[in-house]
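Here is how the chains run, residue by residue.
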Amino acid sequence: MTQAKQMTKNQAYTVKIAFIVALGGFLMGFDASVISGVVKFIEPEFNLSKLELGWSVASLTLTATLAMMVAGPLSDRFGRRKILQVAAILYAVSAIGSALAPSFILLVIARMVGGFGVGASLILAPMYIAEIAPPAMRGRMVSFNQLNIVIGISVAFFTNYLILKLGNCDAAWAINLGFDKWNWRWMLGLELLPAILFYLGLFFVPKSPRWLVMKGQTDQALMIMNQFTDVDDAKKQINDAIRNIHEDKNREEAKITEFFKPAYRLVLVIGIVVAILQQITGINSVFFYAPMIFEQSGIGTDASFIQAILVGLTNLVFTVLAILFIDRLGRKPLLLGGLAGIALCMGLLAYGFGQATYQLTEDSIQSLPQEISMTHISSMIDVTYDDDVSFKQAIRSTLGDKLATTYESNLITSAINMNPALILIGILGFVASFAISIGPVMWVLFSELFPIRIKGAAISFVGFINSLISYLVQQFFPWQLDNLGSSNTFLIYGLFAAVGVFFVWFVVPETKNKSLEELEDILIKK
């Protein structure tokens, strides 16, 4: 009975520490997606081009990629907890700097500072949790961090909408706080609160036992590990850590050129293609530009922010389902079903936007803001435009770039003729398909496909490719919408997903219930 109580106490402590560390995942998800509500307001305020707007979003990914490359070595030298505390400080500095940024350049710099925190959290939060959690709890606790990332994304969508509504209310306190004129600054600055909580919470987090073993402090490592599990298991894990670290020192480190050898060609091709597929099907276009996409369907700003919340909730629910089903159904069925779903939903979006027409009428222009001169747009009245690109070009030629950017959403709402329900169904179906398949499955595959000798270098390499494609998608999405149109942009994403279905069907093996040694025999040419 005493032992059972002790185990319950150990488990409760493990959950508490994992929860604190997983705040890094929450901040990462929040910081990455909060920009979705900001882009609409900074574009006219700073008079941004579409490529500059993409840079305001994608710049964070560049520094996050750099941080991912250096966070591991830095944590080996200074400790996981200390680097996570630095990440918390970077989040706080980014929140303050972004909220107060007087210029576009300083806003981007502040976002890039936050990117270093994002990259460090992505690597170190799951690493630390894996190092302190007992084997029986490790999978759930590490998944807890991934779940927190998804929760952070959802909360960012919700707080963006809340701030937007506060800016439109008549309450004296909301007016005094400037939620109306400083809405996007509040959206970005709100991150300061969880960043402070994360920083303070880390003072209650012990040093990683594995890191202490690396530094030769085995007695302290054992004492800390005993807080997470019983005495016998704690001794076993510390002894295993000592043995593994000793073996690592004696093992010759694989060079990055080694996994380009013919023997590893198949696993390398699978890793690269899956890494590209996860991003090139457009997931970060949706997470980082959700309100912008919904505004293109003519539903207006408020409704677009509400629907962005549905995106976050859908992502959360289907990520949980993926965690539940990945070991039951297998990796390959989830990938095939998810990619097929992505292709179908992107096809639906392409069809929905492709069927849209745009026409301003005498009645519809009555609802436009007073800042739009009726004499300026008189030449557009009763003219039918067959696609969004030609309609936006007409807006710019009549109103000029600044007014066109500021009131594009209002004009689209007044002119568009389409079924916005198709767009909502397509986006939510796409997010659900991604969240239950290639989103989480990719990282599981990476941990299983690569042989131990090249695993570290190979995962770093394909992870870098994944981040690079993510950056390119974020950077060019506003430009694509402006120059190719919504229909063609989503059609391209859908075609990539369709190609992915065939690749997975013919090339990717099922890894469920196979040992790493069995997979190596299947995939590696001796």
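Residues numbered from 1 in each chain as written. Predicted model: local features only at pLDDT ≥ 70, side-chain atom pairs only at ≥ 80, totals over all residues. Heavy atoms only, no water.

Caption draft 1: Structural context of the sheet that holds strand E1 (residues 357-359). Strands sit in the order E2-E1-E3 across an open sheet of 3 strands; the sheet is antiparallel. Either end of the sheet is taken by a strand with one partner, and the two such strands are strand E2 (384-385) and strand E3 (416-417). Relative to E2, E1 is paired through 2 bridges, and the arrangement is antiparallel. The partner of Tyr358 across the bridge, within E2, is Tyr385. (Pairing = 2+ DSSP bridges. Helix = DSSP H or I, 4+ residues; strand = E, 2+ residues; numbered from the N terminus.)

Caption draft 2: Seen up close, the nonpolar core. Ranked by size, the top nonpolar core spans 154 residues in total, and within it Val311, Phe391 and Ile427 carry the most contacts. Top element by residues in this core is helix H1 (residues 2-33). It accounts for 12 residues. If we skip the residues at most four places from it in the chain, Ile427 touches Val286, Ile293, Phe294, Val311 and Leu349. (Core = buried A, V, L, I, M, F, W, Y, C linked by side-chain atoms within 4.5 Å. Buried < 20%, exposed > 50% of the residue type's maximum accessible area, 1.4 Å probe, protein only. Contact = heavy atoms within 4.5 Å.)

Caption draft 3: Quick look at helix H15 (residues 301-329). Along its 29 residues, H15 runs 40 Å from first to last C-alpha, staying within 8% of the 42 Å computed at 1.5 Å per residue. Along its length, H15 shows its largest kink, about 35°, at Ile323. Two residues or fewer after H15 comes Gly330, characterised by a positive phi angle close to 100°. (Expected span 1.5 Å × (residues − 1). Bend = angle between axes of the 7 residues up to and from the residue.)

Caption draft 4: Fine view of the environment of Lys40. Within the secondary structure, Lys40 sits in helix H2 (residues 39-45). Separated by 261 residues in the primary sequence, Lys40 and Thr301 place their C-alpha atoms 9.2 Å from one another. Residues within four places of Lys40 in sequence aside, it is in contact with Glu295, Thr301 and Ser409. Within the structure, the side chain of Lys40 is placed 3.4 Å from the side chain of Glu295, a separation counted as a polar contact. (Polar contact = N/O pair within 3.5 Å; in protein donor to acceptor, adjacent residues only side chain to side chain.)

Caption draft 5: Region of the structure containing the packing of helix H3 (residues 50-78) against helix H5 (residues 104-132). It is at 6 Å that the axes of H3 and H5 come closest, and there the two elements cross at 40°. Relative to H5, H3 is oriented oblique. Two packed elements cross with a definite hand, and for H3 against H5 that hand is right-handed. For the contact of H3 with H5, the per-class residue count stands at 18 nonpolar, 8 polar and 2 charged. (Axes fitted to C-alpha atoms, helices over the stretch in contact; angles between N-to-C directions. Parallel < 35°, antiparallel > 145°, perpendicular 65-115°, else oblique. Left-handed = near helix turned anticlockwise from the far one by under 90°. Nonpolar A, V, L, I, M, F, W, Y, C, P; charged D, E, K, R; others polar.)

Caption draft 6: Representation of the packing of H15 against helix H16 (residues 331-354). The contact between H15 and H16 brings their axes to 7 Å, and the two run at 120°. It follows that H15 is oblique to H16 by the angle criterion. Contacts between H15 and H16 involve Phe325, Ile326, Asp327 and Leu329 from the former and Arg331, Pro333 and Leu334 from the latter. Taken together, the residues of the contact of H15 with H16 sort by class into 5 nonpolar, no polar and 2 charged.

Caption draft 7: Spatial organisation of helix H23 (residues 486-506). The terminal C-alpha atoms of H23, which comprises 21 residues, lie 31 Å apart, in line with the 30 Å expected from a rise of 1.5 Å per residue. Along H23, the positions that sit buried rather than exposed are Ser486, Ser487, Thr489, Phe490, Tyr493, Gly494, Ala497, Gly500, Phe503 and Val504.

Caption draft 8: Focus on the side chain of Thr398. With respect to the secondary-structure elements, Thr398 resides in helix H18 (residues 388-399). A polar contact of 3.0 Å, which involves the side chain of Thr398, links it to the backbone oxygen of Ala394. Of the polar contacts made by the side chain of Thr398, one reaches the backbone oxygen of Ile395; its length is 3.0 Å. With near-sequence residues (within four places) excluded, Thr398 lies in contact with His376, Ile377, Ser379 and Met380.

Caption draft 9: Here's a closer look at the packing of aromatic side chains. The final tally for this structure, using the stated rule, is 13 aromatic pairs. Judged by centre distance (5.9 Å) and plane angle (20°), the ring pair of Phe353 and Phe490 falls under stacked. Taken together, the positions of Phe353 in helix H16 and Phe490 in helix H23 put the pair 137 residues apart, joining distant regions of the chain. Comparing Phe353 with Phe490 shows no difference in burial state: the two are buried. Taken together, a centroid distance of 5.2 Å and an interplanar angle of 15° make the contact between Tyr358 and Phe391 stacked. With a gap of 33 residues between them, Tyr358 in strand E1 and Phe391 in helix H18 connect regions that are remote in the sequence. (Phe/Tyr/Trp six-rings, centres within 6.5 Å; stacked < 30°, edge-to-face > 60°.)

Caption draft 10: Geometry of unusual backbone geometry. Backbone geometry at Asn47 places phi at a positive 55°, although glycine is not the residue there. Relative to the elements of secondary structure, Asn47 occurs in the loop between H2 and H3. For Asn47, a relative accessible area of 51% translates into the label exposed. The backbone phi angle of Asp382 is positive, close to 65°, even though this residue is not glycine. Mapped onto the secondary structure, Asp382 falls in the loop between helix H17 (374-377) and E2.

Caption draft 11: Inspection of the pattern of salt bridges at higher detail. For the structure on display, the rule yields 6 salt bridges. The partner of Arg111 in a salt bridge is Asp31, and the shortest N-O contact between them spans 3.4 Å. Here Arg111 is found in helix H5, whereas its partner Asp31 is found in helix H1, with 80 residues between them in sequence. Each member of the pair, Arg111 together with Asp31, is buried. Across the pair Lys50 and Glu43 runs a salt bridge, and its minimum N-O distance is 2.7 Å. There is no split in this pair, since Lys50 and Glu43 are both buried. (Salt bridge = Lys/Arg side-chain N within 4 Å of Asp/Glu carboxyl O.)

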